Amino acid sequence: MDTSPGAKKTFMQKFLDIVEVVGNKVPHPAVIFLLLVAAVVVLSHVLHWTGVSIEYDVMVPEARELETTPTTDPMLTGIGSYPGYAGIDEKKIVIETRTATINSLLTADGVRFMYTSLIPNFMSFTAVGLIIVAMLGVGVAEESGLIKALIRKLVVIAPPKLLIYILVFVGILSSIAADAGYLVLIPLAGAAFMSVGRHPMAGIAAGFAAVAGAFTVNMLIKPLDAVLVEFTNDAIALVDPDTSIDLASNFWFSVVSVLFLTVIIALITERVIEPRLGKYEGENPLQDSSALSSEEKRGLLFAGVGLLGVLAFFALLTIPSGAPLRDVESGALIGNTPFMNGLIAAIASIFLVSGFAYGIGAGTMRKTSDVIKAMEKATSSLGSLIFLLFIIAQFIAYFNYSNMATILAVSLADLLTEANIGPLWLLLGFILVVAILDLLITGAIAKWALFAPIFVPLLMRLGVEPEAVLAAYRVADSPINMITPLNAYFALVVVFCQKYDKNAGVGTVVALMLPYVVVLLAVWTALFVVWHMAGLPWGI
C-alpha cells in the first residue's frame, strides 16, 4: 500500500482520521469524567425519584480473609487483578435473589457516601498500586539501559517479519500475570517497533490489542479461569446438580483463539494501522547501532545472573510442599493462589534486580542511590496519570453505588431471554449484550456473576453445553476493553502514545484501536460459531 504523503487515503483511513480529530477535540479526560460524575449524580436522583427497580439472581462469593480488606466490591474493581481474585473465595459461592433499586447520590445517604468514600474509592482502585509497583522495577531496568539492550538483542535475533507476531503472542500470554502486560509489554512493543524503523505507536497499538483484546484467553490456567469456572458450576447446579466443568473446560478453544488472534492482530497492525500512521519522523535513539558493546554484553550477563537469583528466591517460596505462596488449603500453585495473585511483586522484583545488575555490569549504575533515583524518576512521571485515575475511581464508585449498571445489565439480559430465538442466535445476542456492557462494566468477574445464573441454565435447557456459554463470554468480554475509557489502563496507553506524539489524546487511541475492536469481535465470533456448529471439544 502506498503510504507516501501524496497517496490517496482509503475510506477507512479518512474515517479513522475523523474519529481521531473529533476525539482529540473533546475536553481533557479529567474534565470528561468530572462531567460524567455530575451526570451520574443527577441521573441517579431522577431514576430514584421514578422508582426504577429490578429483581435478579446473582452469584456472591465469600470474601477471603485478607491482611488488607478491600473497601469496595472486589468483583467491580479493575480488569481482573487483586483484589478481584484474591479478595474472593470462588469455592464458597451462594446464589442470592436481590432487588436492585436506584440509589440517589443526592439523598442524605448519597451525599454521605460521596463525602466519606473519597479516599477509600481511590485507595481501593487497584490499578494505581499496580502501576506504581511495576514502575519501581521497570524504571530501574529502563534507566540502567537494560530495556534498550534487550530490545536491540531481540531485534538482532528475531527475523524482522516475525517481530510483530512474537510481541503479540507474548502480549496475549501476559494475562497470566493479570494486568502486568499493560505496564510492561505495551511500552516495550512501542520501543521494539521504533528500534527497527517502524512506527512506535503501531507497536503500542499491537501491544494494547494483544493484552486487552484477548484478555480472557491463554494457553495457561490463570486466576481468572478459577473464578469463572466456579461461577459457571454454580449456575449449572441450578439445572443439573450432577454436572460440572473443570479449569480446562475451554482449553482447546483458548489455545486456538490465542494462535488465531495472534495472526489477526498482527495482520491488522501491518495492513491497517501502519499504512495509516506512515513513517515515523521522530527521534530514534534505538536505531543508532544494532551491535551491542562489550559493556552492554557484560551488563546482560550480570542481568542474567540477577534474574537467576530472583527466580531461585521465588522457587523457594513456591516449589516446596507447603511453601508460603501456595494455596493454604489445596496446595495449588496455579489458579487463584497467593503466588498468582501477587505476581506483580515478582515481576517488579525481576526488573529491579536485573536492571541493577545490568547497571553494575555495564557501568551505568554504581551504587544504591542510582537505583533510588531511577525509581524516583519513574514515579515522578506518573503525576498526571494518578490525578486522572483519582477522578475515574470516583466515577466508578458513584456509578456502582447508584446501581444503574446492574439494572441496565439485568434489563438487557431479560430482553434477550424473552426474545424467543434459537440457541445459536441467543448465543450471538449474548455476545453482543456482554460487549455493549463492557463499555460500562470492565470487570470480567462482575459481569459473569450477573449473567452466569441467567444464561447458563437457559442455554443448557436448549441443549447448549455450559462450556460453550463460557467460551461465548470469553469472546465478548475482551475486545471492547481496547476503547472504553473505564478501562483503568486506557489513560496509561494515552500517556505511552504521548511519548512519541505530544498531541496524542483519547481520539488518537480510539482511532488506533477501533479497527482491532471491529475485526476481533467479528472474526472471533465467527470462530466461535464455526466451533459450535462443528461440535468441536471446548476443552480437555
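Parameters at a glance
Residues numbered from 1 in each chain as written. Predicted model: local features only at pLDDT ≥ 70, side-chain atom pairs only at ≥ 80, totals over all residues. Heavy atoms only, no water. Helix = DSSP H or I, 4+ residues; strand = E, 2+ residues; numbered from the N terminus. Contact = heavy atoms within 4.5 Å. Areas by Shrake-Rupley, 256 points an atom, 1.4 Å probe, with all protein chains shown as cover. Salt bridge = Lys/Arg side-chain N within 4 Å of Asp/Glu carboxyl O. Buried < 20%, exposed > 50% of the residue type's maximum accessible area, 1.4 Å probe, protein only. Expected span 1.5 Å × (residues − 1). Phe/Tyr/Trp six-rings, centres within 6.5 Å; stacked < 30°, edge-to-face > 60°. Lys NZ or Arg CZ within 6 Å of the ring centre and 35° of its normal. Patch = residues over 30% accessible without salt bridge, like charges linked within 9 Å, V, L, I, M, F, W, Y side chains within 5 Å. Bend = angle between axes of the 7 residues up to and from the residue. Core = buried A, V, L, I, M, F, W, Y, C linked by side-chain atoms within 4.5 Å. Polar contact = N/O pair within 3.5 Å; in protein donor to acceptor, adjacent residues only side chain to side chain. Axes fitted to C-alpha atoms, helices over the stretch in contact; angles between N-to-C directions. Left-handed = near helix turned anticlockwise from the far one by under 90°. Nonpolar A, V, L, I, M, F, W, Y, C, P; charged D, E, K, R; others polar.

**Brief notes about the overall build of the protein chain**
Then comes step 1: From N to C terminus, the protein chain includes 22 helices and 2 strands.
Then comes step 2: Considering only contacts within the protein chain whose residues lie at least 6 apart along the sequence, 83% involve residues at least 24 apart.
Then comes step 3: In the form shown here, the protein chain has an accessible surface area of approximately 23,400 Å², with 66% of it arising from carbon and sulfur atoms.

**Thoughts on the pattern of salt bridges**
Then comes step 1: Tallied over the entire structure, the rule returns 10 salt bridges.
Then comes step 2: Taking the shortest distance from any N to any O, the salt bridge between E142 and K499 comes out at 3.8 Å. Note that E142 is positioned in helix α5 (residues 126–144) and K499 in the loop between α21 (490–498) and α22 (506–534), a separation of 357 residues in sequence.
Then comes step 3: Accessibility expressed as a relative area gives 40% for E142, which makes it partly exposed.
Then comes step 4: The partner of K447 in a salt bridge is D477, with the nearest N and O atoms 2.6 Å apart. Of the two residues, K447 is situated in helix α19 (residues 444–461) and D477 in helix α20 (residues 466–477); the sequence distance between them amounts to 30 residues.
Then comes step 5: Take K447: its relative accessible area is 1%, and that puts it in the buried class.

**Comments concerning α20**
Then comes step 1: Over its 12 residues, α20 runs 17 Å from end to end, which matches the ideal 16 Å to within 8%, given 1.5 Å per residue.
Then comes step 2: When we look at burial in α20, the residues that qualify are P466, A468, V469, L470, A471, A472, Y473, R474, V475, A476 and D477.
Then comes step 3: Tucked into the core, α20 has its buried residues touching α10 (223–236), α11 (251–277), α18 (423–437), α19 and α22.

**A look at the environment of K367**
Then comes step 1: Mapping K367 onto the fold places it in the loop between α14 (343–362) and α15 (368–380).
Then comes step 2: Under the relative-accessibility criterion, K367 is labelled exposed at 52%.

**Remarks on the packing of aromatic side chains**
Then comes step 1: Overall, the coordinates contain 21 aromatic pairs when judged by the stated rule.
Then comes step 2: Judged by centre distance (5.3 Å) and plane angle (75°), the ring pair of F122 and F390 falls under edge-to-face. Highlighted residues: F122 in helix α4 (residues 118–123) and F390 in helix α16 (residues 383–402), separated in sequence by 268 residues.
Then comes step 3: Note on F122: relative accessible area 18%, which makes it buried.
Then comes step 4: Ring centres of F430 and F451 lie 6.0 Å apart, and the angle between their planes is 85°; on these two criteria the pair is classed as edge-to-face. Of this pair, F430 sits in helix α18 while F451 sits in helix α19, placing them 21 residues apart in sequence. The burial state of F430 is the same as that of F451; both residues are buried.
Then comes step 5: The ring of F193 has R198 sitting right over it, with the charged end atom 4.4 Å from the ring centre.

**Quick notes on a nonpolar patch on the surface**
Then comes step 1: A cluster of nonpolar residues, V42, L43 and V46, forms a patch on the protein surface that exposes about 240 Å² of accessible area.
Then comes step 2: Tracing the sequence through the fold places V46 in helix α2 (residues 29–50).

**What to know about α22**
Then comes step 1: Relative to the 42 Å expected for 29 residues at 1.5 Å per residue, α22 spans 41 Å between its end C-alpha atoms, a close match to the ideal helical length.
Then comes step 2: When the local axis directions of α22 are compared, the greatest deviation, roughly 35°, occurs at M513, which is followed within four positions by the proline P515.
Then comes step 3: In the segment just after α22, G535 is the residue with positive phi, at about 70°.

**Remarks on the nonpolar core**
Then comes step 1: Ranked by internal contacts, the top residues of the largest apolar core, which has 170 residues, are F430, W448, F451, M513 and Y516.
Then comes step 2: Per-element accounting of this core gives the leading share, 14 residues, to α22.
Then comes step 3: F430 has contacts with L416, W448, F451, F455, V469, A472 and Y473, leaving out every residue within four places of it along the chain.

**Remarks on unusual backbone geometry**
Then comes step 1: In this structure, N403 is a non-glycine residue whose phi angle is positive, near 75°.
Then comes step 2: In this fold, N403 is placed in the loop between α16 and α17 (404–417).

**A short note on the side chain of H199**
Then comes step 1: Position of H199 relative to the elements: it lies in the loop between α8 (180–195) and α9 (200–213).
Then comes step 2: In terms of polar contacts, H199 uses its side chain to reach the backbone amide nitrogen of M201, at 3.2 Å.
Then comes step 3: Excluding residues that lie within four positions of it along the chain, H199 makes contacts with F193, E274, L277, G278, K279 and Y280.

**Some points on the packing of α19 against α20**
Then comes step 1: Relative orientation of the contacting elements α19 and α20 amounts to 145°, with a least axis distance of 10 Å. Crossing hand, α19 versus α20: right-handed. Between α19 and α20, the contacting residues are A444, K447, W448, F455, V456, L459 and M460 on the first element and P466, V469, L470, Y473 and D477 on the second.

**Quick notes on the side chain of E274**
Then comes step 1: If you trace the backbone, E274 turns up in helix α11.
Then comes step 2: A polar contact is formed between the side chain of E274 and the side chain of R198, at a distance of 2.6 Å.

**Overview of the packing of α11 against α22**
Packed helices, taken two at a time, are described by the angle their axes make and the gap between the axes.
Then comes step 1: Contact geometry of α11 with α22 gives a least axis separation of 10 Å together with a crossing angle of 150°. In this structure, α11 crosses over α22, and the sense of that crossing is right-handed.
Then comes step 2: Partitioning the contact of α11 with α22 into residue classes produces 22 nonpolar, 2 polar and 1 charged.

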